[in-house]
Amino acid sequence: MALSSVWRVLTFLTTKETRMNGSALVGATARVAVVGAGPSGLYAVKALLESDVGVGIDVFDSLPAPYGLVRYGVAPDNQKMKSVIRVLRGSFTEGNDVRFLGNVTFGEDITAAELRAYYDAVIYATGTQGDRGLGIPGEELPGSYGAKEFVNWYCGHPDAAERDFALHGPEVAVVGAGNVALDVARLLAKSTEEIAATDVPDRVLGTFSSSTVTDIHLLSRRGPAQAKFTTVELREMGELANADILIDPGALELTPEEEERIAADRQQRKNVSLLREWAQRPPEGKPRRLHLWFWRSPVRIIGENHIDGVVIERNALQADGTLRGTGEYETLPVSMILAAVGYQARALPGVPFDEHTNTVPNKNGCVLEAEGTPRPGEYVAGWAKRGPTGVIGTNKNDAAETVDNLLDDLNDLRNKGRDSSRDVTKLLRQRGIDYVDWAGWLRLDTHETTLGEQQNRPRVKIPDLLSMLEFTRK
């Protein structure tokens with residue numbers, strides 16, 4: 001065995017022994033709160049349980065249902081990606097000291113200071129709650145939305161339970177060059193039968209069934225060699241039964257420098273290859289058309305009381321890698337615009353927040369004050385830690401890094417003398433908080449899957465909060 005490998009093994013064993021035999025942990029169970037039951041939070045729970053340190057964990061979420069982005073962000077036609085739930089739910093099996101406390105809003109029902117009083121450590125895994133805007137004139141017009149609003153709606157998020165989208169077309173613009181933009185455009189292009197095979201709420205299915213959209217314009221401000229699509233997501237576009245994909249072959253011509261760069265990047269190389277293949281396909285006369293525009297930015301939305309169109313400008317890449325507008329404009333006669341230009345986190349009450357990066361300031365997951373000093377016992381994971389980058393699996397290593405630092409600090413944290421007799425559920429009951437435990441979630445889960453079986457679908461989501469709570473009690 002190489003010396004470096006021996007050193008890693010010895011370091012691991014020494015650290016493990018210290019954690020297991022440190023004076024503060026002998027005969028004691030540490031308690032950790034995880035705020036957020038999405039992938040980053042539940043991967044953190046999994047890492048804690050695999051650490052060989054005695055730990056009890058309470059997982060808080062503002063919704064009665066767990067899984068966060070997997071349930072409310074992954075496109076409903078991507079059931080394979082949702083299968084990660086089988087891994088995430090494993091921590092709640094019998095024998096683990098892990099509780100789910102849903103329908104508890106952080107900052108309202110319980111504060112950061114209270115969590116620090118009840119737990120040895122807290123991990124914030126709250127993800128991103130808002131959309132970035134386009135920042136162009138006319139963005140305030142009815143018919144202009146952030147993609148997160150649309151995603152919440154078709155994924156059955158309670159925040160969108162009372163709203164609907166008029167898919168009366170005939171033309172819609174989707175702005176963005178990432179997976180969310182692909183998801184939104186793909187769903188708009190699908191047939192009623194394809195949508196009916198997903199887990200969207202019944203009301204959402206009704207809206208898609210009456211859609212009169214014929215043309216979807218996907219606008220990317222950069223070129224195909226810079227797009228952020230993952231190949232798996234992009235490939236699904238080529239399998240659309242209801243829509244032709246239209247791309248100008250000239251937009252796929254790359255500079256020698258770009259060709260060299262994508263040759264060294266497997267994902268980008270495959271993406272460009274797919275796009276070139278589609279550009280050569282003759283249209284088949286399908287009911288809908290998906291137009292992929294590269295080097296185009298929206299610069300103005302036109303209309304008075306509603307959207308009548310969007311003015312787009314051709315871009316060019318400068319020597320320093322930045323973009324400039326060329327002054328070449330054209331107008332697309334769209335009636336709806338969905339901006340998928342990025343999600344961003346919002347400040348958590350009582351928790352430091354960096355307005356520039358829209359993240360919780362941290363060092364390897366350890367929360368920092370404004371001046372850069374650590375906040376003992378407070379940690380962050382996921383998009384609130386690093387920004388909205390990566391895929392769901394990225395959260396596994398990200399959470400492991402945060403948990404590793406928490407475990408290194410745990411002896412000192414336990415020495416602060418938390419009163420182990422205090423149970424947060426008593427506090428919640430005193431405040432009249434109707435929290436949902438794991439058994440309650442399983443009742444709702446069973447109801448949704450039963451509805452799905454009756455309609456030959458994977459599940460039918462219940463979107464409104466009051467109904468969700470009702471089914472958790474039955």
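Here the structure is a predicted model, which is why all the values come from computation and not from measurement.

## Thoughts on the pattern of salt bridges
If the charged atoms of two oppositely charged side chains come close together, the side chains can form a pair. Applying the stated rule across the entire model yields 31 salt bridges. Here D398 ties to K385 by a salt bridge, and the two come within 3.6 Å at their closest N and O atoms. Within this pair, whereas D398 is found in helix α15 (residues 394-414), its partner K385 is found in helix α14 (residues 383-386), the two being separated by 13 residues in sequence. Owing to a relative accessible area of 9%, D398 belongs among the buried residues under this scheme. Shared partners join several salt bridges into a network, and the residues in it are D77, D183, R186, K190, E233 and E236.

## Section: the sheet that holds strand β11 (residues 296-303)
In a beta sheet, neighbouring strands are held together by backbone hydrogen bonds and run either parallel or antiparallel to one another. Spatially, the three strands line up as an open sheet ordered β11-β12-β13, and their pairing is antiparallel. Only two strands of the sheet have a single neighbouring strand rather than two, namely β11 and β13 (323-332). When the angles between neighbouring strand axes are averaged without regard to direction, this sheet yields 25 degrees. Pairing of strand β12 (residues 307-317) with β13, which is carried by seven bridges, proceeds in the antiparallel orientation. In the sheet register, L317 faces β13, and the bridge partner there is L323.

## Considerations on the confidence of the model for the protein chain
Confidence in the prediction of the protein chain, expressed as mean pLDDT, is 90, and 94% of residues score 70 or more. Of all helices and strands in the protein chain, the one with the weakest mean pLDDT is helix α1 (residues 3-21) (39), whereas strand β7 (residues 171-175) scores best (98). Confidence over residues 1-27 falls short of pLDDT 50; this stretch has 22 contacts with residues more than four positions distant or in other chains.

## As for the packing of aromatic side chains
Under the counting rule described, the total for this entry stands at 15 aromatic pairs. Taking the centre distance of 4.8 Å and the plane angle of 70 degrees together, the rings of Y145 and F165 count as edge-to-face. Taken together, the residues span a long stretch of sequence, with Y145 in strand β6 (residues 144-146) and F165 in the loop between α7 (147-154) and β7 at a distance of 20 residues. Looking at F165, the relative accessible area reads 3%, which means it is buried. In textbook terms, an aromatic cluster arises when at least three aromatic residues are bridged by ring pairs, as seen for Y145, F150, W153, Y154, F165 and F208. Directly above the ring of Y343 sits K148, whose terminal nitrogen or CZ lies 5.0 Å from the centroid. Over the ring of Y118 we find R422; its NZ or CZ atom is 4.2 Å from the centre of that ring.

## Regarding the side chain of E258
The topology assignment puts E258 in helix α12 (residues 256-263). In this structure E258 is buried but unpaired, with R261 as the nearest side chain of opposite charge at 4.9 Å.

## Examining a positive patch on the surface
Taken together, R235, R266, R269 and K270 make up a surface patch of like positive charges. Looking at the element boundaries, R269 is found in helix α13 (residues 266-279).

## Thoughts on the environment of K286
When you line up the elements, K286 lands in the loop between α13 and β10 (288-294). Taking the C-alpha atoms as reference points, K286 and K385, separated by 99 residues in sequence, lie 44 Å from one another.

## Considering the pairing of β11
Relative to β12, β11 runs antiparallel, the two sharing seven bridges. In the strand pairing of β12, P298 is matched with I312. Between β11 and β12, which pair antiparallel in sequence order, lie three residues.

## Quick notes on the sheet that holds strand β3 (residues 98-101)
With mixed pairing, seven strands are arranged side by side in an open sheet as β3-β2-β1-β4-β18-β17-β16. Of all strands in the sheet, those bounded by a partner on one side alone are β3 and β16 (362-363). In this sheet, strand β2 (residues 55-60) lies alongside strand β1 (residues 30-35) in parallel orientation, the contact comprising six bridges. Paired with V32 across the two strands is I57, which belongs to β2. α15 contacts β1, β4 (121-124), β17 (366-368) and β18 (374-380) of the sheet and is inclined by roughly 145 degrees relative to β18.

## Side note on α7
Most of α7 is tucked away: seven of the eight residues are buried. When α7 is considered as a whole, its buried residues turn out to be A147, K148, F150, V151, N152, W153 and Y154. At the exit of α7 stands G156, carrying a positive phi of roughly 75 degrees.

About the thresholds
- Residues numbered from 1 in each chain as written.
- Predicted model: local features only at pLDDT ≥ 70, side-chain atom pairs only at ≥ 80, totals over all residues.
- Heavy atoms only, no water.
- Salt bridge = Lys/Arg side-chain N within 4 Å of Asp/Glu carboxyl O.
- Helix = DSSP H or I, 4+ residues; strand = E, 2+ residues; numbered from the N terminus.
- Buried < 20%, exposed > 50% of the residue type's maximum accessible area, 1.4 Å probe, protein only.
- Pairing = 2+ DSSP bridges.
- Axes fitted to C-alpha atoms, helices over the stretch in contact; angles between N-to-C directions.
- pLDDT = per-residue confidence, 0-100.
- Contact = heavy atoms within 4.5 Å.
- Phe/Tyr/Trp six-rings, centres within 6.5 Å; stacked < 30°, edge-to-face > 60°.
- Lys NZ or Arg CZ within 6 Å of the ring centre and 35° of its normal.
- Lys, Arg positive; Asp, Glu negative; His and termini not counted.
- Patch = residues over 30% accessible without salt bridge, like charges linked within 9 Å, V, L, I, M, F, W, Y side chains within 5 Å.
- Areas by Shrake-Rupley, 256 points an atom, 1.4 Å probe, with all protein chains shown as cover.
- Charge placed at Lys NZ, Arg CZ, Asp CG, Glu CD.

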